[in-house]
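# Topology and contacts: notes
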Amino acid sequence: AKCCVCKTSKRFSTFSALSVLRANFGHMTDLLYTEKDLVTSLKDYIRAEESKLEQVKRWADRLDTLTSTAVEDPEGFLGHPVNAFKLMKRLNTEWGDLENLVLKDTADGFISNLTIQRQYFPTDEDQTGAAKALLRLQDTYQLDSNTISTGNLPGVRYKSSMTVEDCYELGKIAYSDVDYYHTELWMAQALRQLDQGEESAIDKVTVIDYLSYAIYQQGELERALELTKRLLKLDPTHQRANGNLKYFEFQLEKQRKEEASAQEEEQKHVKSQIEKREAQRKRSKDPLPERKKYEQLCRGEGVKMTPRRQSRLFCRYYDNRHNPRLLLGPVKVEDEWDRPHIVRYHDIISDSEIEKVKELAKPRLRRATVHDPITGELTTAQYRVSKSAWLTAYEHPTIEKINRRIQDITGLDMDTAEELQVANYGVGGQYEPHFDFGRVSASFLGTGNRIATWLFYMSDVSAGGGTVFTDVGAAVLPKKGSAVFWYNLFPSGEGDYSTRHAACPVLVGNKWVSNKWIHERGQEFRRPCALEEAAL
């Protein structure tokens, strides 16, 4: 019995040990699978880290090449509108994406530096502004989206193309402004590039969704319907597209019925409407809106002078009635236009003087302002897109020398003139049609109205950036080292409305100008009043 008990006990003990061992094996097996999962996760993590580092490396290599090229000629590089837009986009959006990517790991040094530098980065407003500049250039110079996207702009030195994401971003910005015309142009370009096989994180469904809606908003139901059908082939479950499909089909059918019933009535009125429009056109002295004239002049489609008028324009040397400072070095003058009389002085400011003026102005450049006619306050405006600074004569001998030169050539007193204003027009920078003289309560602090304008061109511009006079059709192109001059007032003191002018958007390049607005006071004996109201 004792032996049996012992044997039984021994068998029990053996069974218990095997049960525990089996339990441990089961648990251990789970742990093994857990470990396997951990190893898999670890490898996924390693791959993710390697992928992340590879992304960062590719980004760094690409930016290293890009910035190395850019800093060799910053102004030339940024003179390309796509480069300017993409710089805004990179700093405002893509560097932020990179920051989020790097933040997944302990990269304290880089993040700290990036965080510090981030305060100087462009904002959403800046990025939107750069995008709108591209749209403004597209309209003014009648550029198609593909030309801009491929970077095939006139006079470019640093060709740059746009990605699907870039085109999509422009379309979205236009969409947020309820600008369905440009939304269509840029979403269509994004779709075109996707159809051509460009890889992108933006899919066709997203692009077509925007595109079809933009086209619908412009009244093109049939095209909107076709695009919606294409979208549903890509994503049959797209809820909004399914709803739009039914709505577009209903509206299209309704439109066709209305058009059929109205066709007969419409035909009766076609002739009378044509006659009315023709009569209205004849009654209108100038049916072309100023904005259209402005854009045409900027494109070089201005008024062509008759040979007789051209024969009255001359080039000559000029010393302003033997001015002592001009006797040995008379200036070269060219008549640019007859009425109003616009003259250009060639080689009137040296490269060293230009660099000094820019050096003094750059730290102070701020968004240019205009007088609000309602409040009387200085404010920024969409029709004037530039940065400007003011330089006084006592700041540097170069400014004093320039002021004296203007006085010697024009014969007008500079004591009551405004300070030298320096302006920089980057890509898309412009100043829409305006007068330099004041038309209402033009006291100007007791110095009278702006009698004349002197404008230095301190840079050449590869494309765009001309000065155009919309009332008369004159166009003056920037030429570094030259200056143009015209009178804003007749000798009677009345404003010369033919001097209405504008600065065309810079298409490619970087435009630097400086101007001097000369006032009436002090000119009483230098440019005496005439008896006739509009005497020259």
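Residues numbered from 1 in each chain as written. Predicted model: local features only at pLDDT ≥ 70, side-chain atom pairs only at ≥ 80, totals over all residues. Heavy atoms only, no water.

Applied cut-off: UniProt positions are given in the numbering used here, feature names are shortened, and annotations may be inferred rather than shown by experiment.
For the chain, an unreviewed UniProt entry supplies the name procollagen-proline 4-dioxygenase and the organism Denticeps clupeoides. In its Sequence similarities (unreviewed entry) section, the UniProt entry covering the chain states "Belongs to the P4HA family." Turning to the chain, the UniProt record has this under Subcellular location (unreviewed entry): "Endoplasmic reticulum lumen".

## Notes on the overall build of the chain
Defined as follows: Runs of E in the DSSP output that reach at least two residues are strands. Runs of H or I that reach at least four are helices, and both are numbered from the N terminus. All accessible areas in this document rest on Shrake-Rupley with a 1.4 Å probe, and a residue is counted as covered only by the protein chains that are shown.
Helix and strand counts for the chain come out as 15 helices and 18 strands. Surface exposure of the chain reaches about 30900 Å², of which carbon and sulfur atoms provide 54%.

## Quick look at the confidence of the model for the chain
So the rule is basically this: Predictor confidence is given residue by residue as pLDDT, running from a minimum of 0 to a maximum of 100. Throughout, a contact is declared for two residues whenever any of their heavy atoms are within 4.5 Å.
On average, residues of the chain score 83 in pLDDT, and 79% of them reach the 70 mark or higher. In the model, residues 1-28 has pLDDT below 50 throughout and makes zero contacts with residues more than four positions away in sequence or in other chains. Predicted confidence for residues 281-285 stays below pLDDT 50, and this span has one contact to residues more than four positions away or in other chains.

## Side note on helix 5 (residues 124-140)
An α-helix turns once every 3.6 residues. As a result, residues three or four positions apart point the same way. The test is simple: By definition here, a helix of n residues has an expected span of 1.5 Å times n minus one. Each residue gets one of three labels from its accessible area relative to the maximum for its type: buried under 20%, exposed over 50%, partly exposed in between, using a 1.4 Å probe on protein chains only.
Compared with the 24 Å implied by 1.5 Å per residue over 17 residues, the 24 Å span of helix 5 between its first and last C-alpha is a close match. Within helix 5, burial applies to Q127, A130, A131, A133, L134, L135, R136, L137, Q138 and T140.

## Overview of the packing of aromatic side chains
Our working definition: Here a pair means two rings of Phe, Tyr or Trp (six-membered ring of Trp) with centres within 6.5 Å. Their orientation is stacked below 30 degrees between planes, edge-to-face above 60, and tilted elsewhere. In this analysis the charged atom, NZ for Lys or CZ for Arg, is taken to sit over a ring once it is within 6 Å of the ring centre and within 35 degrees of the ring normal.
According to the stated counting rule, one finds 20 aromatic pairs in the structure shown. Both rings, one in Y213 and one in Y216, keep their centres 6.1 Å apart while their planes meet at 50°; by these two values the pair is tilted. In this pair, Y213 and Y216 both sit in helix 9 (residues 204-217), three residues apart, roughly one turn of the helix. Over the aromatic face of Y487 sits the side chain of R527, whose NZ or CZ is 3.7 Å from the ring centroid.

## Things to note about the packing of helix 3 (residues 81-102) against helix 7 (residues 164-176)
The test is simple: Axis definition: a line fitted to C-alpha atoms, over the contacting stretch in the case of helices. Angles run 0 to 180 degrees between N-to-C directions. Any angle between 65 and 115 degrees counts as roughly perpendicular, while under 35 counts as roughly parallel, over 145 as roughly antiparallel, and the rest as oblique.
At their nearest, the axes of helix 3 and helix 7 sit 12 Å apart, and the two run at 90° to each other. Considered as vectors, helix 3 and helix 7 are oriented roughly perpendicular to each other. Contacts between helix 3 and helix 7 involve F85, K86 and K89 from the first element and E165, D166, E169 and L170 from the second.

## A short note on the UniProt feature "repeat: TPR" (unreviewed entry) in the chain
In this numbering, the UniProt entry assigns the feature "repeat: TPR" (unreviewed entry) to residues 205-238. Helix makes up 79% of residues 205-238 and strand 0%, whereas the separation of the span's terminal C-alpha atoms amounts to 9 Å.

## Examining helix 12 (residues 290-298)
Within helix 12 the residues assigned to the buried category are K293, Y294, E295, L297 and C298. Tucked inside the fold, the buried residues of helix 12 contact helix 5, strand 10 (430-434), strand 13 (467-469), strand 14 (474-476) and strand 16 (501-503).

## As for the pattern of salt bridges
Keep this limit in mind: The term salt bridge refers to a pairing of a side-chain nitrogen on Lys or Arg with a carboxyl oxygen on Asp or Glu at a separation within 4 Å.
Tallied over the entire structure, the rule returns 31 salt bridges. When the shortest N-O distance is used, the salt bridge between D338 and R309 registers 2.7 Å. Pair noted here: D338 is in the loop between strand 2 (331-337) and strand 3 (342-346) and R309 is in helix 13 (residues 307-310), with a separation of 29 residues, a long-range link. The class of D338 is buried, set by a relative accessible area of 19%. Looking at R309, the relative accessible area reads 25%, which means it is partly exposed. Three or more residues joined by partner-sharing salt bridges are found here, namely K86, K89, E94 and D166.

## Side note on the nonpolar core
Just so we agree on the cut-off: Only buried residues count toward a nonpolar core. Its members are Ala, Val, Leu, Ile, Met, Phe, Trp, Tyr and Cys residues joined through side-chain atoms within 4.5 Å.
Membership of the largest hydrophobic core comes to 50 residues, with the highest contact counts inside it found for I148, M162 and V207. When sequence neighbours within four positions are dropped, the list of residues in contact with I148 reads V82, L134, Q138, L143, L153, S160, M162 and W186. Core analysis: the next-biggest nonpolar cluster, separate from the first, contains 35 residues, V343, A361, L365 and I406 among them.

## Let's talk about the pairing of strand 9 (residues 420-425)
A regular strand carries its side chains on alternate faces of the sheet. Heads up, the condition is: A strand pair is defined by DSSP finding two or more bridges across the two strands.
When you tally the buried positions in strand 9, you get six out of six residues, the bulk of the element. Taking every second residue as pointing to the same face, both faces of strand 9 are buried, with L420, V422 and N424 on one and Q421, A423 and Y425 on the other. Examined bridge by bridge, strand 8 (residues 387-391) and strand 9 share five bridges and lie antiparallel to one another. The residue bridging L391 from the neighbouring strand is L420, located in strand 9. Pairing between strand 9 and strand 18 (residues 511-519): five bridges, direction antiparallel. Residue Q421 lies in a different strand from strand 18, and its bridge partner there is N515.

## Details of the environment of E301
Operational definition: Pairs of N or O atoms are called polar contacts if they sit within 3.5 Å, as long as, within protein, a hydrogen donor faces a hydrogen acceptor (for residues adjacent in sequence, only side-chain-to-side-chain pairs).
Tracing the chain through its elements places E301 in the loop between helix 12 and helix 13. For the pair formed by E301 and G473, sequence separation is 172 residues and the distance between their alpha carbons is 8.9 Å. Polar side-chain contacts of E301 include one of 3.2 Å to the side chain of R299.

## Topic: the packing of helix 7 against helix 8 (residues 180-195)
Put simply, the rule is: In this scheme the crossing of two helices becomes right-handed for a clockwise turn of the near helix relative to the far one and left-handed for an anticlockwise turn of less than a right angle. Basically, the charged four are Asp, Glu, Lys and Arg, the nonpolar ten are Ala, Val, Leu, Ile, Met, Phe, Trp, Tyr, Cys and Pro, and anything else, Gly included, counts as polar.
Remark: helix 7 packs on helix 8, axes separated minimally by 8 Å, with the N-to-C direction vectors making an angle of 160°. Taken together, the axis directions place helix 7 and helix 8 in an arrangement best described as roughly antiparallel. Considering only the axes of helix 7 and helix 8, their crossing is left-handed. Of the residues in helix 8, those in contact with V164, C167, Y168, L170, G171, K172, A174 and Y175 of helix 7 are Y180, H182, T183, W186, M187, Q189, A190, Q193 and L194. Its residues assigned to classes, the contact of helix 7 with helix 8 comprises eleven nonpolar, five polar and one charged.

## Focus: the pairing of strand 15 (residues 483-487)
Most of strand 15 sits out of view: four of its five residues are buried. Alignment of strand 3 against strand 15, held across three bridges, turns out to be antiparallel. Each bridged residue has a counterpart across the sheet, and for R344 the counterpart in strand 15 is V484. As paired elements, strand 11 (residues 450-457) and strand 15 share five bridges and run antiparallel to each other.

## Quick word on the side chain of R450
With respect to the element layout, R450 can be found in strand 11. Overall, R450 belongs to the buried group, its relative accessible area being 13%. Polar contacts involving the side chain of R450 include one to the side chain of E418, which spans 2.7 Å.

## Overview of the side chain of K358
Assignment of secondary structure puts K358 in helix 14 (residues 351-361). Accessibility expressed as a relative area gives 7% for K358, which makes it buried. Look past the residues within four positions of K358 in its chain and what remains in contact with it is E75, M458 and W512.

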